[in-house]
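Chain by chain, the residues run as shown.
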Amino acid sequence: SLEQLLINLANEKLQRFFLDSVFNYEQAHYEAEQIEWTAVEVPDNGPIVAAIEDLPNGVLPLLDEQCWLGDRGKDSTFCTLLNQKNPICSAEFAKLDQKGRARFDPSNNFTLAHFVAPVTYTAQEFIEKNRDSIFEEMAHALVDSTNPLLPELFPASELDATEVRAAKGSGKSYGSVASKFGSSLTDLLAELASTDPGFVRTIKPNVGLKPGAPDERLILEQLRTCGMLQCVKMIRSMFPTRILYTDVVARYASCVASYSFMAEREPRDFTAAICESFDVDPEEYRLGLTKLFIKG
């Protein structure tokens, strides 16, 4: 449904924000500890977001285009155009074998390869659900109403400028559901980007929400779909374990108390000596300003 498509678009953008935030935090952490930063691969869902949003053949632009055609706009035409012109939809359609094509109706179905897995949508009622417009004269009447509630529901700031309406080829105002959703999502991400974000992932332990009965398959599926596995994989490709030098000293100082030269060392030098004593591979760790970074 259109609702699910918009939900999935929001998930794609929030997932990207999550990964970028973790990546940027890691990079800033390395720089603060003066450890050489090695570029790591960050999962990129940019192509799927572009396939949904970008002009001229994104899902939402093509949907809005059909909406602006009024009664001439058809769900079947919208879907057919996607499977012909949209880069991801057309690629997914081309992958279908003979049996797959027999079950797939290109005038009613389209598939998008989302970050987690491909999703097939049914285009029925997409156009009707996306329409959120009223004629210009009615819009102005509502905006100018003396009833205090109506101007709040239909603010003047949302009226399309004359040149925008002309470009759309429509005498209607208050654009589509998809365009409003996209603007709202952009504002949300801009606000999030201005903060110092933290993340809490909630995981459902089992369908019945019963204590002490974790469903491993369900939990793993949720970790995959929320991008946690990709995040962990990205961090593990660097030096995921960090230990303060003071903690290393507190743990091992008593073990080497008989060696007076160790007691004279600064925490960083003490930690380096411990790593050398245990023959830790130099490629498996890095010494920062205040912490030991370890791959294992």
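Treat the numbers as computed from the prediction; the structure is a model and nothing was measured. (Residues numbered from 1 in each chain as written. Predicted model: local features only at pLDDT ≥ 70, side-chain atom pairs only at ≥ 80, totals over all residues. Heavy atoms only, no water.)

### Description of the overall build of the protein
Turning to step 1, where the next piece is worked out: Looking only at helices and strands, the protein has 16 helices and seven strands in total.
Turning to step 2, where the next piece is worked out: Here the C-alpha atoms of the protein give a radius of gyration of 28 Å, more than 25% beyond the 19 Å that 2.2 N^0.38 yields for 296 residues.
Turning to step 3, where the next piece is worked out: Projected onto the principal axes, the alpha-carbon positions of the protein cover approximately 90 × 60 × 40 Å.
Turning to step 4, where the next piece is worked out: Put simply, the protein has 296 residues, and 34% of those count as buried.
Turning to step 5, where the next piece is worked out: Accessible surface computed for the protein: about 18,000 Å², of which carbon and sulfur atoms make up 55%.
Turning to step 6, where the next piece is worked out: Distance between charge centroids for the protein: 7 Å, based on 29 positive and 43 negative side chains. (Helix = DSSP H or I, 4+ residues; strand = E, 2+ residues; numbered from the N terminus. Rg over C-alpha atoms; globule rule 2.2 N^0.38 Å. Buried < 20%, exposed > 50% of the residue type's maximum accessible area, 1.4 Å probe, protein only. Areas by Shrake-Rupley, 256 points an atom, 1.4 Å probe, with all protein chains shown as cover. Lys, Arg positive; Asp, Glu negative; His and termini not counted. Charge placed at Lys NZ, Arg CZ, Asp CG, Glu CD.)

### Examining unusual backbone geometry
Turning to step 1, where the next piece is worked out: Here the residue pair L55 and P56 is connected by a cis peptide bond, since its omega of 0° sits within 30 degrees of zero.
Turning to step 2, where the next piece is worked out: Here P56 lies in the loop between α2 (46-53) and α3 (59-68).
Turning to step 3, where the next piece is worked out: Positive phi, normally seen in glycine, also occurs at E125, with a value near 70°.
Turning to step 4, where the next piece is worked out: Mapped onto the secondary structure, E125 falls in the loop between β2 (118-122) and α7 (126-130).
Turning to step 5, where the next piece is worked out: The exposure class assigned to E125 is partly exposed, which follows from its relative accessible area of 44%.
Turning to step 6, where the next piece is worked out: In this structure, D279 takes a positive phi of about 55° despite not being glycine.

### A few points about the environment of Y121
Turning to step 1, where the next piece is worked out: Within the secondary structure, Y121 sits in strand β2.
Turning to step 2, where the next piece is worked out: Exposure remark for Y121: the relative accessible area of 2% places this residue in the buried category.
Turning to step 3, where the next piece is worked out: Distance in space between the C-alpha atoms of Y121 and S1 is 6.3 Å, their sequence separation being 120 residues.
Turning to step 4, where the next piece is worked out: With near-sequence residues (within four places) excluded, Y121 lies in contact with S1, Q4, L5, N8, N108, N109, F110, L112, H114 and F126.
Turning to step 5, where the next piece is worked out: Side chain to side chain, Y121 and H114 meet in a polar contact 2.6 Å long. (Contact = heavy atoms within 4.5 Å. Polar contact = N/O pair within 3.5 Å; in protein donor to acceptor, adjacent residues only side chain to side chain.)

### Describing the side chain of Q66
Turning to step 1, where the next piece is worked out: Mapped onto the elements, Q66 comes out in helix α3.
Turning to step 2, where the next piece is worked out: Sequence-distant contacts of Q66, defined by excluding residues within four places in its chain, comprise R72, G73, K74, T77, F78, L81 and I127.

### Describing α3
Turning to step 1, where the next piece is worked out: Within α3, eight of the ten residues are buried, leaving the element largely enclosed by the surrounding structure.
Turning to step 2, where the next piece is worked out: Residues V59, L60, P61, L62, L63, D64, Q66 and C67 constitute the buried set of α3.
Turning to step 3, where the next piece is worked out: Buried-residue contacts for α3 involve α1 (2-32), α2, α4 (75-85), β1 (109-113), α7 and α11 (177-193).
Turning to step 4, where the next piece is worked out: G70, located one to two residues past α3, shows a positive phi value of around 65°.

### Structural notes on helix α5 (residues 87-95)
Turning to step 1, where the next piece is worked out: Among the residues of α5, I88, C89, E92 and F93 are the ones counted as buried. The buried residues of α5 occupy an angular sector of 135° when projected down its axis, which confines them to one face. When the buried face of α5 is taken as reference, the exposed residues oriented beyond 90 degrees from it are P87 and A94.
Turning to step 2, where the next piece is worked out: Where α5 is buried, its residues contact α2, α4, α6 (98-103), β1 and β2.
Turning to step 3, where the next piece is worked out: Its side-chain oxygen placed 3.1 Å from the backbone nitrogen of I88, N86 serves as the N-cap of α5. (Arc of directions from axis to C-beta.)

### Concerning the pairing of β2
Turning to step 1, where the next piece is worked out: Relative to β2, β1 runs antiparallel, the two being bridged by five bridges. Bridge assignment links A113 to a residue of β2, and that residue is P118.
Turning to step 2, where the next piece is worked out: Connecting β1 to the antiparallel partner β2 that follows it, the hairpin turn spans four residues. (Pairing = 2+ DSSP bridges.)

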